[in-house]
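A closer look at the structure
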Amino acid sequence: MRNSVKRVADGHGTAPDIRVSFEFFPPKNAKMEETLADTINRLSPLDPDFVSVTYGAGGSTRDTSRKTLEAVLATGSTPAAAHITCVDATRDEVDAVVRDFASLGIRRFVALRGDPAGGVGTQYRPHPEGYQNAAHLVAGIKAFGDFDISVAAYPERHPESPDFATDLDMLKRKVDNGATRAITQFFFDNDTYERYVERVRRAGIYVPIVPGIAPIHSFAAVRNFASKCGTTVPAWLADRFDGLENDPHTHALVASAVAAEQVFDLVDRGVKDFHFYTMNRPDLVFAVCRLLGIRGHTDARELHAA
């Protein structure tokens, strides 16, 4: 990390070589709409490669996902990517969503099987009239046009995969069907990511494997979700946040440091693309991007004065 910080401090920042993208989720109420608007306004000026908008199983967030995509497109400068899942939906229903989002001008999709209807950790059952998995979904989306399609990758293996060979076979099928890149599940051990990329390349898969970065807004919440999706939370990370449950200010400072350390270490390993899971909370992501030397087209002071 020290070398990366020095490069930025010396005016030789990595920003021209670094590409970032952000994930937003559609709001559930008026308060969350305000939070999302603030997140879009704060992060869009950083000129991300794209911004993705999540989509609920069975179309449960179709209308709010559409509105969120429209809000991103309204910035006039930020490419938007629409998440598409095939859980609890027929093929015709999914195809209708693809056509609808494409009518807005969406040319990028994030194709995901989606979590089981019962939540992470429960058994997935394909809809009898739907797309059977993410590879099948990628092929279906690609049939509508030459879209840019991102898919998911799992450095610690998908929790439902019996082994890495099965997991990598699914990733290869997604790529063979037209996926442009893979975005990883969040992780905290960069060695794990590096070993995974080596496995992927040995399997003959050569699309970019973009690390998914999750700034820790709530360590308790992240640890709980990690336990369900098979992500390891290292002991050293738990130690960093130990005793900060009732100290939000220090928690935020530690979270910023942890995210920055992870990203700078990946930069030193040659990584140039990062996808941030923002949780519609922009401050930690904005801080890391600034440390990377990413300023975008609007200075933070101008943004707050607007």
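Residues numbered from 1 in each chain as written. Predicted model: local features only at pLDDT ≥ 70, side-chain atom pairs only at ≥ 80, totals over all residues. Heavy atoms only, no water.

1. Brief notes about the overall build of the chain
The secondary structure content of the chain amounts to 12 helices and nine strands. Here the chain holds 306 residues, and the buried ones make up 48% of them. Sequence-distant contacts in the chain: of pairs separated by 6 or more residues, those separated by 24 or more amount to 78%. Of the roughly 14500 Å² of accessible surface on the chain, 49% is carried by carbon and sulfur atoms. (Helix = DSSP H or I, 4+ residues; strand = E, 2+ residues; numbered from the N terminus. Buried < 20%, exposed > 50% of the residue type's maximum accessible area, 1.4 Å probe, protein only. Contact = heavy atoms within 4.5 Å. Areas by Shrake-Rupley, 256 points an atom, 1.4 Å probe, with all protein chains shown as cover.)

2. Observations concerning helix α7 (residues 190–202)
With 13 residues, α7 extends 19 Å from end C-alpha to end C-alpha; this agrees with the ideal 18 Å at 1.5 Å per step. Those residues of α7 that fall on the buried side of the exposure criterion are Asn-190, Thr-192, Tyr-193, Tyr-196, Val-197 and Val-200. Looking straight down α7, one finds that the buried residues subtend no more than 150° of arc, so they occupy a single side. Of the surrounding elements, those touching the buried residues of α7 are β5 (148–153), α6 (164–176), β6 (181–184), β7 (209–210) and α10 (248–268). (Expected span 1.5 Å × (residues − 1). Arc of directions from axis to C-beta.)

3. Thoughts on helix α2 (residues 30–43)
Taking 1.5 Å per residue, 14 residues should reach 20 Å; α2 reaches 20 Å between its end C-alpha atoms and fits that length. Among all positions in α2, only Leu-36, Thr-39, Ile-40, Arg-42 and Leu-43 are buried. Looking at where α2 begins, the residue whose side-chain oxygen comes 3.2 Å from the main-chain nitrogen of Lys-31 is Asn-29. (Polar contact = N/O pair within 3.5 Å; in protein donor to acceptor, adjacent residues only side chain to side chain.)

4. As for the sheet that holds strand β9 (residues 273–277)
Judged by pairing direction, the sheet is parallel, and its nine strands sit side by side in the order β7-β6-β5-β4-β3-β2-β1-β9-β8 without closing on themselves. Only two strands of the sheet have a single partner each, and these edge strands are β7 and β8 (212–213). Note: β8 against β9, two bridges, orientation parallel. Note that in β9 the partner of Ile-213 across the bridge is Phe-276. (Pairing = 2+ DSSP bridges.)

5. Focus: unusual backbone geometry
Look at Asp-47: it is not a glycine, yet its phi comes out positive at around 55°. Inspection of the secondary structure puts Asp-47 in the loop between α2 and β2 (50–53). The exposure class of Asp-47 is partly exposed, given its relative accessible area of 42%. Notably, Met-279 is not glycine yet its phi reads approximately 55°, a positive angle.

6. Re the packing of α6 against α7
Axis separation between α6 and α7 bottoms out at 10 Å; the angle between their running directions is 65°. One way to sum up the angle between α6 and α7 is to call them roughly perpendicular. Relative to α7, the crossing made by α6 is right-handed. Packed against α6, whose contacting residues are Phe-164, Leu-168 and Leu-171, the element α7 presents Tyr-196, Arg-199 and Val-200 at the interface. In terms of residue class, the contact of α6 with α7 is made up of five nonpolar, no polar and one charged. (Axes fitted to C-alpha atoms, helices over the stretch in contact; angles between N-to-C directions. Parallel < 35°, antiparallel > 145°, perpendicular 65-115°, else oblique. Left-handed = near helix turned anticlockwise from the far one by under 90°. Nonpolar A, V, L, I, M, F, W, Y, C, P; charged D, E, K, R; others polar.)

7. Quick notes on the side chain of Ser-150
On the secondary structure map, Ser-150 appears in strand β5. Only 2.9 Å separates the side chain of Ser-150 from the side chain of Arg-181, close enough to count as a polar contact. Every residue in contact with Ser-150, bar those within four places of it in the chain, is listed here: Phe-50, Phe-109, Val-110, Ala-111, Arg-181 and Ile-183.

8. Considerations on the pairing of β9
Of all five residues in β9, five are buried; the element is thus mostly enclosed. Of the two faces of β9, the one carrying Asp-273, His-275 and Tyr-277 and the one carrying Phe-274 and Phe-276 are both buried. As paired elements, strand β1 (residues 19–24) and β9 share five bridges and run parallel to each other. If you follow Ser-21 over to β9, its bridge partner there is His-275.

9. Digging into the confidence of the model for the chain
For the chain, the mean per-residue pLDDT works out to 90, and 90% of the residues sit at or above 70. Counting contacts from residues 299–306, a segment whose pLDDT is below 50, to residues more than four positions away or on other chains yields eight contacts. (pLDDT = per-residue confidence, 0-100.)

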